[in-house]
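# A structural walkthrough
For reference, the chains in residue letters:
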Amino acid sequence: NHNKKHGEGVFTWPDGSKYEGAYVLDLKNGYGKYSYPDKTVYSGNWTKGKMDGKGTLNYDNGTIYDGLFKDNMKEGIGIVCLSNGETFHGGFSKDMRSGHGRMTLQNGEFFAGNYTMGQRNGTGYTVDNEGVVKESKHKFTGMNMLKTG
């Protein structure tokens, strides 16, 4: 145990990644900030070396995810703000949109409904940028989606 990181600290790996935060027995634990070599940055809670609980991922392309994590994956409620101005607010499971969510496009149009494995699934509705509401039906079939109405 004498050679293991424990307490607050900063560690930089040879690939340029860097962690600033709390360690318990050599594992990231508690609040910390991890910078990846590609300039993506995670700030948030860690449990036994994994992103867990509330956190924010700032991707190198300008996309931001703010929400819940479990086992290094988006899990629970979160918000994604894409660099092009589109947003998604809703549920995630194993890093994919899941359950109820709302996707808003740059022009103000949005879809609200259910998602399965990242794809629209079931009945939802679309509202265009003039406020016209249309029912939208989607059937999830494996990794493909069929628009049924």
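Cut-offs and rules
Residues numbered from 1 in each chain as written. Predicted model: local features only at pLDDT ≥ 70, side-chain atom pairs only at ≥ 80, totals over all residues. Heavy atoms only, no water. Phe/Tyr/Trp six-rings, centres within 6.5 Å; stacked < 30°, edge-to-face > 60°. Buried < 20%, exposed > 50% of the residue type's maximum accessible area, 1.4 Å probe, protein only. Lys NZ or Arg CZ within 6 Å of the ring centre and 35° of its normal. Core = buried A, V, L, I, M, F, W, Y, C linked by side-chain atoms within 4.5 Å. Helix = DSSP H or I, 4+ residues; strand = E, 2+ residues; numbered from the N terminus. Contact = heavy atoms within 4.5 Å. Pairing = 2+ DSSP bridges. Salt bridge = Lys/Arg side-chain N within 4 Å of Asp/Glu carboxyl O. pLDDT = per-residue confidence, 0-100.

### Side note on the packing of aromatic side chains
Tallied over the full model, the rule gives 14 aromatic pairs. Between Tyr65 and Phe69, the ring centres sit 5.1 Å apart and the planes meet at 90 degrees, which makes this aromatic pair edge-to-face. The burial state of Tyr65 is the same as that of Phe69; both residues are buried. Over the ring of Tyr19 we find Lys28; its NZ or CZ atom is 5.7 Å from the centre of that ring.

### Some words on the nonpolar core
If you look at the biggest cluster of nonpolar residues, it comprises 15 residues, and the most contacted ones within it are Tyr42, Trp46, Tyr65, Phe69 and Phe88. Counting residues per element, the ones that place at least two in this core are strand S2 (18–24), strand S4 (41–47), strand S5 (50–58), strand S6 (64–70), strand S8 (87–93) and strand S10 (110–116). The residues contacting Trp46, other than those within four sequence positions of it, are Tyr19, Lys28, Asn29, Gly30, Tyr31, Gly32, Lys33, Tyr34, Met51, Asp52 and Asn72.

### Some points on the pairing of strand S1 (residues 7–12)
Sheet analysis places S1 next to S2, joined by six bridges and oriented antiparallel. Within S2, the position partnered with Thr12 by the bridge is Lys18. Turn length for the S1-S2 hairpin, with the two strands adjacent in sequence and antiparallel, is five residues, and the turn residue Gly16 shows positive phi of about 100 degrees.

### Overview of the pattern of salt bridges
The final tally for this structure, using the stated rule, is two salt bridges. Of the charged contacts, one joins Asp66 and Lys54 as a salt bridge, the two residues approaching to 2.8 Å between their closest N and O atoms. Of the two residues, Asp66 sits in strand S6 while Lys54 sits in strand S5, which places them 12 residues apart along the sequence. Exposure remark for Lys54: the relative accessible area of 48% places this residue in the partly exposed category. A salt bridge links Lys74 to Asp95; the nearest nitrogen and oxygen atoms lie 3.6 Å apart. One end of the pair, Lys74, is in strand S7 (residues 73–81); the other, Asp95, is in the loop between S8 and strand S9 (96–104), and 21 residues separate them in sequence. You can call Asp95 partly exposed: its relative accessible area is 37%.

### Some details on the confidence of the model for the protein chain
Confidence in the prediction of the protein chain, expressed as mean pLDDT, is 89, and 92% of residues score 70 or more. Counting interchain partners and residues more than four positions distant, the pLDDT-below-50 stretch residues 144–149 has 18 contacts.

### Observations regarding the environment of Ile79
Following the sequence through the fold, Ile79 ends up in strand S7. Classification of Ile79 by relative accessible area gives partly exposed; the value is 35%. Taking the C-alpha atoms as reference points, Ile79 and Asn29, 50 residues apart in sequence, are found 24 Å from one another. Here Ile79 is in contact with Ile64, Tyr65, Asp66, Phe88 and His89, once residues within four sequence places are set aside.

### Focus: the environment of Asn114
Counting through the fold element by element, Asn114 comes out in strand S10. Using a relative accessible area of 36% as the deciding quantity, one classes Asn114 as partly exposed. Counting along the chain gives 65 residues from Asn114 to Gly49, while the straight-line C-alpha distance between them is 32 Å. Filtering out sequence-adjacent residues up to four positions away, Asn114 remains in contact with Gly99, His100, Gln119, Arg120 and Asn121.

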